[in-house]
Amino acid sequence: MFKTIEGNSGARMYIKCRQIVVGSGEGEALVTTQMINFLTMIDLKSGVIKDEKHELRGRSIANKMLIFPNAIGSSVGAYSVYALKMNRVAPKAMMCNKADITTASGCAIANIPLADQSNVDIFTIKSGVKVKLGENLLQVF
Amino acid sequence: MQLTREEERALNGKEGEAVATAYRILLAIGESTDAEKLVPVKWAHVSGVNYNTIGDSGVQFLENISKDGKFVVKTTINPMGFDPLKINSLKVKAEFIAQQNRIHNVYERMGATKSYTCIPYEVFDMPSEGTSVSFAESNAAVYANSVTHLRTNKESALSALASALTGKAPYSELRVEEMRKPDKCIRIKSELDNELDYGLLGYFAGKISNNVVGFDGINILEKMNGKALSAGIGTSGSCGMFTIGKTDNETIDFGREEAMKVKDELNTSENGDIVTLGSPQLGIDDLSLLAHMVDGKKFRKRCLIFCARAAYESATRLGYTQTIEHSGGELLCDCCTCLTPLVDRNDVDSVVTNSIKGAYYLNNSNKVGVCLKPLKEIVEQECI
């Protein structure tokens, strides 16, 4: 139904956003409207969300494009983002509704592309679709 | 965000790798918080000290930073994993101790004051109101903004570290006067009887407000309750400040029902194998109060009391620590309830505490059950 416009790289949707940590990353979208405490909610060895009350419990953020509102809680969550990267289970990129200091600083040292402030509701993107972030643009395939 | 020419040069590595990394962090958080520029800060309080919170990759990162990084402003640090002066009587794995020592060495090399406390606002003299600082440790950021009227954002471990290495922070959010106004107001509908009620209120408020929360219904705030309130707010969300008094914002009620709902989320056990007090650490006033409460009594179970070393030393001079130790309480300095290896689920199934922040981390990180009670009840029920 969505015809490829530019050869096989054509996206179904182009969403303008503000990139906070530059670089590009692509992967399967993993979307949640619930906030994340990186220190307590994620198994840092596997990248699996372990918090029993979180709607993504049991799902892995490894190599995904993580789309979430923002991080909450502990100031040490920034180190948890870095640990995910060092353990090779970090998301390929992250997209926030409004990026916060914990996520931004963690992504900055882990070199994980991070964006926020898109002009559309990012939570309408479905988990599982392919997305690509780069140069202030989120492409949904 | 505009950088000056010197800041730009530092970002590009002219002052070494550590400073360049610090500027990369400042740039990212500056962009994310819509800062126009960086401003000087007088003091950085850094978290990410306990090995359990930063892990092996954190240790490596800090060791790298410390190769050419030096703190250029007053820098104090959060608690570590255990009390180093009592390590022989504590059950901590050799590997944990070795990694914790590496972290200690790194912060020492960079020039930190080895405060090992999460209550810098009780241990150190406060700069004058309106001074810009950079406080990681969520309870300290909230308390500093709300009670002592310093200006800090709710920093991350890395953003406060970047401020320590550069003496700068983005001029944004709670560092800007106009931004220090509530976005939500909570109307308190029932009596707040003790520090536990204030902790429950804080946890509730942190989930509701993203920035600054107003409390309609608090007239006087005692220090112990202010600590519990700040710690609760810092645990559950991204809110970095509270104000006292009615405001014109969207108003949400907090009564018995709301308090019970929060309590149900965090109270996961009917009783506890041990008692833990602290998170935030106890200060001198808390130790004085506790000493008076337990004077002549005995704890029926193990009771771990986490306090700032500076408070412990004052309390010793005043005779409080002797009274508390005589009651069987174990006073531990330089560490705290949150993520300490001293509360291990192989040894204990559940813990009694009056700390909402402690309850959150005991449940979610230490994976032990939590029984929440106010201090007065703990002493009444757990002492003979």
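Everything below is about the structure printed above this text.
Rules behind the numbers
- Residues numbered from 1 in each chain as written.
- Chains lettered and ligands numbered in written order.
- Predicted model: local features only at pLDDT ≥ 70, side-chain atom pairs only at ≥ 80, totals over all residues.
- Heavy atoms only, no water.
- Pairing = 2+ DSSP bridges.
- Helix = DSSP H or I, 4+ residues; strand = E, 2+ residues; numbered from the N terminus.
- Axes fitted to C-alpha atoms, helices over the stretch in contact; angles between N-to-C directions.
- Contact = heavy atoms within 4.5 Å.
- Core = buried A, V, L, I, M, F, W, Y, C linked by side-chain atoms within 4.5 Å.
- Buried < 20%, exposed > 50% of the residue type's maximum accessible area, 1.4 Å probe, protein only.
- Left-handed = near helix turned anticlockwise from the far one by under 90°.
- Nonpolar A, V, L, I, M, F, W, Y, C, P; charged D, E, K, R; others polar.
- Salt bridge = Lys/Arg side-chain N within 4 Å of Asp/Glu carboxyl O.
- Buried area = accessible area lost by both parts, 1.4 Å probe.
- Polar contact = N/O pair within 3.5 Å; in protein donor to acceptor, adjacent residues only side chain to side chain.
- Phe/Tyr/Trp six-rings, centres within 6.5 Å; stacked < 30°, edge-to-face > 60°.

Draft legend 1. Just the sheet that holds strand β14 (residues 369-372) of chain B, in detail. Residue and element names in this part refer to chain B. One open sheet accounts for five strands, arranged β12-β11-β10-β13-β14; its pairing is parallel. Lying at the two open borders of the sheet, with one neighbouring strand each, are β12 (329-333) and β14. Averaged over all adjacent pairs, the angle separating strand axes in this sheet is 30°, with direction ignored. Bridge count between strand β10 (residues 274-282) and strand β11 (residues 303-307): four bridges; the pairing is parallel. Bridging from a neighbouring strand, V275 pairs with C303 of β11. On top of the sheet, helix α12 (residues 309-317) reaches β10, β11 and β12; it is set at about 130° to β12, its chief contact.

Draft legend 2. Spatial organisation of the nonpolar core. With 126 residues, the main nonpolar core has F38 and Y79 of chain A together with Y107, L161 and F215 of chain B as its most contacted residues. Ignoring sequence-local partners within four residues, the contact set of Y107 of chain B consists of Y79 of chain A together with V46, S47, G48, V49, L62, F71, I77, A112 and L161 of chain B. Among the nonpolar cores identified, the runner-up in size contains 37 residues, and I119, F124, Y143 and I378 of chain B belong to it.

Draft legend 3. Region of the structure containing the packing of helix α2 (residues 77-86) of chain A against helix α3 (residues 101-110) of chain A. All names here are of chain A. With their axes 8 Å apart at the nearest point, α2 and α3 run at an angle of 35° to one another. You can see that α2 and α3 cross each other, and the crossing is right-handed. Facing G77, A78, V81, Y82 and K85 of α2, the residues of α3 in contact are T102, S105, G106, C107, I109 and A110. Classifying every residue of the contact of α2 with α3 gives six nonpolar, four polar and one charged.

Draft legend 4. Fine view of the pattern of salt bridges. All names here are of chain B. Taken as a whole and judged by the stated rule, the model has 22 salt bridges over all chains. Residue R187 pairs with D253 through a salt bridge whose shortest N-O separation is 2.8 Å. With R187 in strand β6 (residues 184-188) and D253 in strand β9 (residues 250-254), this residue pair connects regions lying 66 residues apart in the sequence. We classify R187 as partly exposed; its relative accessible area is 36%. Note that E382 is salt-bridged to K301, the shortest N-O span being 3.1 Å. Of this pair, E382 sits in helix α15 (residues 375-382) while K301 sits in the loop between α11 (284-294) and β11, placing them 81 residues apart in sequence. Its relative accessible area of 23% is what places K301 among the partly exposed residues.

Draft legend 5. Focus on the interface of chain A and chain B. Every contact between the two is made by 33 residues of chain A and, on the other side, 40 residues of chain B. Counting the surface lost from both chain A and chain B, the interface buries some 2700 Å², and carbon and sulfur atoms represent 58% of this. On the chain A side of the contact with chain B, S75, Y79 and I101 of chain A bury the most area, a combined 28% of that side's loss. Summed over the shared surface of chain A and chain B, the result is one salt bridge. The partner of R18 of chain A in a salt bridge is D34 of chain B, and the shortest N-O contact between them spans 2.7 Å. Remark: the boundary between chain A and chain B carries 13 residue pairs in polar contact (both at pLDDT 80 or more). Secondary-structure elements contributing two or more residues to the side of chain A that touches chain B are β2 (18-21), α1 (38-41), α2 and α3 of chain A. Examining the composition of the side of chain A that touches chain B, we find that seven residues originate from one element, α3 of chain A, more than from any other. Taken together, the residues that form the side of chain A that touches chain B break down as 17 nonpolar, eleven polar and five charged.

Draft legend 6. Layout of the packing of aromatic side chains. All names here are of chain B. Tallied over the entire structure, the rule returns twelve aromatic pairs over all chains. When the centroid spacing of 5.2 Å and the interplanar angle of 80° are considered together, the rings of Y51 and F96 count as edge-to-face. A residue pair is termed long-range when its members are at least 10 positions apart, and Y51 in helix α3 (residues 51-65) and F96 in helix α4 (residues 94-110) qualify at 45 residues. Classification of Y51 as buried rests on a relative accessible area of 11%. Residue classification places F96 among the buried residues on the basis of a relative accessible area of 8%. Residues Y203 and Y360 carry aromatic rings whose centres are separated by 6.3 Å and whose planes lie at 45° to one another, so their mutual orientation is tilted. Taken together, the positions of Y203 in helix α8 (residues 195-208) and Y360 in helix α14 (residues 356-364) put the pair 157 residues apart, joining distant regions of the chain. Grouping residues by exposure puts Y203 and Y360 together as buried.

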